[in-house]
Amino acid sequence: MLPDLSSVDHGELTLLAWTQREGVTVDHLRQWTNESLDEIIAILADVDDADLVFVPVDPNANDTFAASDAEKDIPWNLAHLVVHATASSEEGAAIGSILARGVPFPADLRLRYETAWETVTTRAQVEQRLAESRRIRLGYLDAFPDAPNTELLRALSPRFVERFGEMNSITAFLFALKHELGHHEQFRDTMRQAVAAR
């Protein structure tokens, strides 16, 4: 079962405090990674190539990190959601594995690569991306030592810490996975719109 992070969403606990209270382990992260990806695959079970590139109606579209101003307010199609969510989760997994080995990680370094969403236009490409992301993330979890370092905190800006709290190895991984979980409803809504437009 996917984690209930509502107390974090409502600001009652930081993610670090939540993981400590719940006793979150690498096995939990592995389970939740598989469950999140399985949920995305289930949502996309009947997807066809046209659905993947269908542009939905999304009045909330606002990508502050868009590659260009022209892309800032465009709604994301299903292919875009897949490459975005998986890239973010992979970055968190990479950072978490570094911290788990007791290696400090700087605030200003990104370990993120996102496949160009415009190049993903087929179901086969989406299936490949999801399978690849699962392999990458589970591989990073395999790189966690048997007794991962959970004391070392990532160097982060004061603004980030004020907004989200401190991040250790477990929390860095889960923070990115939480981002992916937050896109599940957007996947469902976009898929519903794509099917309705067939």
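Since the model is a prediction, treat every value here as computed from it, not as a measurement.

## Topic: the overall build of the protein chain
Helix and strand content of the protein chain: nine helices and zero strands. If you list the helices and strands of the protein chain from N to C, you get α-α-α-α-α-α-α-α-α. Against the globule reference of 16 Å for 198 residues, the protein chain gives a C-alpha radius of gyration of 17 Å, in line with a compact fold. Projected onto its principal axes, the C-alpha positions of the protein chain cover 50 × 30 × 30 Å. Across the protein chain, every contact between residues at least 6 apart in sequence was considered, and the portion connecting residues at least 24 apart equals 77%. Put simply, the protein chain shows about 10,300 Å² of open surface, and 54% of that area lies on carbon and sulfur atoms. Put simply, the protein chain has 18 plus and 32 minus side-chain charges, and the middle of one group is 2 Å from the middle of the other.

## Topic: the nonpolar core
Ranked by internal contacts, the top residues of the largest apolar core, which has 19 residues, are Leu44, Leu78, Val126, Leu130 and Phe187. Considering each element in turn, this core owes the most residues, six residues, to helix 5 (residues 78-100). Not counting residues within four places of it along the chain, the set of residues in contact with Leu130 comprises Leu37, Ile40, Ile41, Leu44, Val82 and Thr86. Membership of the second largest hydrophobic core comes to 17 residues, among which are Leu5, Val8, Trp32 and Ile170.

## Looking at the packing of helix 3 (residues 26-43) against helix 9 (residues 184-196)
Relative to each other, helix 3 and helix 9 sit at 10 degrees, their axes nearing to 10 Å. Our classification of the angle between helix 3 and helix 9 gives roughly parallel. Here helix 3 contributes Ser36, Glu39, Ile40 and Ile43 to the contact with helix 9, which in turn contributes His184, Phe187, Arg188 and Met191. A class-by-class count of the residues in the contact of helix 3 with helix 9 yields four nonpolar, two polar and two charged.

## Some details on the environment of His184
On the secondary structure map, His184 appears in helix 9. Judged by relative accessible area, His184 falls into the buried class, the value being 4%. As for His184 and Glu39, which are separated by 145 residues in sequence, their C-alpha atoms are 7.9 Å apart. With near-sequence residues (within four places) excluded, His184 lies in contact with Leu2, Ser36, Glu39, Ile40 and Ile43.

## A closer look at the packing of helix 3 against helix 8 (residues 169-182)
Axis separation between helix 3 and helix 8 bottoms out at 11 Å; the angle between their running directions is 15 degrees. What the angle tells us is that helix 3 and helix 8 run roughly parallel. As for the relative orientation of helix 3 and helix 8, their crossing is left-handed in sense. Here Val26, Leu29, Trp32, Thr33, Ser36, Leu37 and Ile40 of helix 3 lie close against helix 8, whose contacting residues are Ile170, Phe173, Leu174, Leu177, Glu180 and Leu181. A per-class count over the contact of helix 3 with helix 8 returns 10 nonpolar, two polar and one charged.

## Describing helix 8
With 14 residues, helix 8 extends 20 Å from end C-alpha to end C-alpha; this agrees with the ideal 20 Å at 1.5 Å per step. Buried residues dominate helix 8, accounting for 10 of its 14 residues. By the burial criterion, the buried members of helix 8 are Ser169, Ile170, Thr171, Ala172, Phe173, Leu174, Ala176, Leu177, Glu180 and Leu181. Its buried side turned inward, helix 8 meets helix 2 (15-22), helix 3, helix 5, helix 6 (123-142) and helix 9. Sitting at the head of helix 8, Asn168 places a side-chain oxygen 3.1 Å from the backbone nitrogen of Ile170.

Procedures and definitions
- Residues numbered from 1 in each chain as written.
- Predicted model: local features only at pLDDT ≥ 70, side-chain atom pairs only at ≥ 80, totals over all residues.
- Heavy atoms only, no water.
- Helix = DSSP H or I, 4+ residues; strand = E, 2+ residues; numbered from the N terminus.
- Rg over C-alpha atoms; globule rule 2.2 N^0.38 Å.
- Contact = heavy atoms within 4.5 Å.
- Areas by Shrake-Rupley, 256 points an atom, 1.4 Å probe, with all protein chains shown as cover.
- Lys, Arg positive; Asp, Glu negative; His and termini not counted.
- Charge placed at Lys NZ, Arg CZ, Asp CG, Glu CD.
- Core = buried A, V, L, I, M, F, W, Y, C linked by side-chain atoms within 4.5 Å.
- Buried < 20%, exposed > 50% of the residue type's maximum accessible area, 1.4 Å probe, protein only.
- Axes fitted to C-alpha atoms, helices over the stretch in contact; angles between N-to-C directions.
- Parallel < 35°, antiparallel > 145°, perpendicular 65-115°, else oblique.
- Nonpolar A, V, L, I, M, F, W, Y, C, P; charged D, E, K, R; others polar.
- Left-handed = near helix turned anticlockwise from the far one by under 90°.
- Expected span 1.5 Å × (residues − 1).
- Polar contact = N/O pair within 3.5 Å; in protein donor to acceptor, adjacent residues only side chain to side chain.

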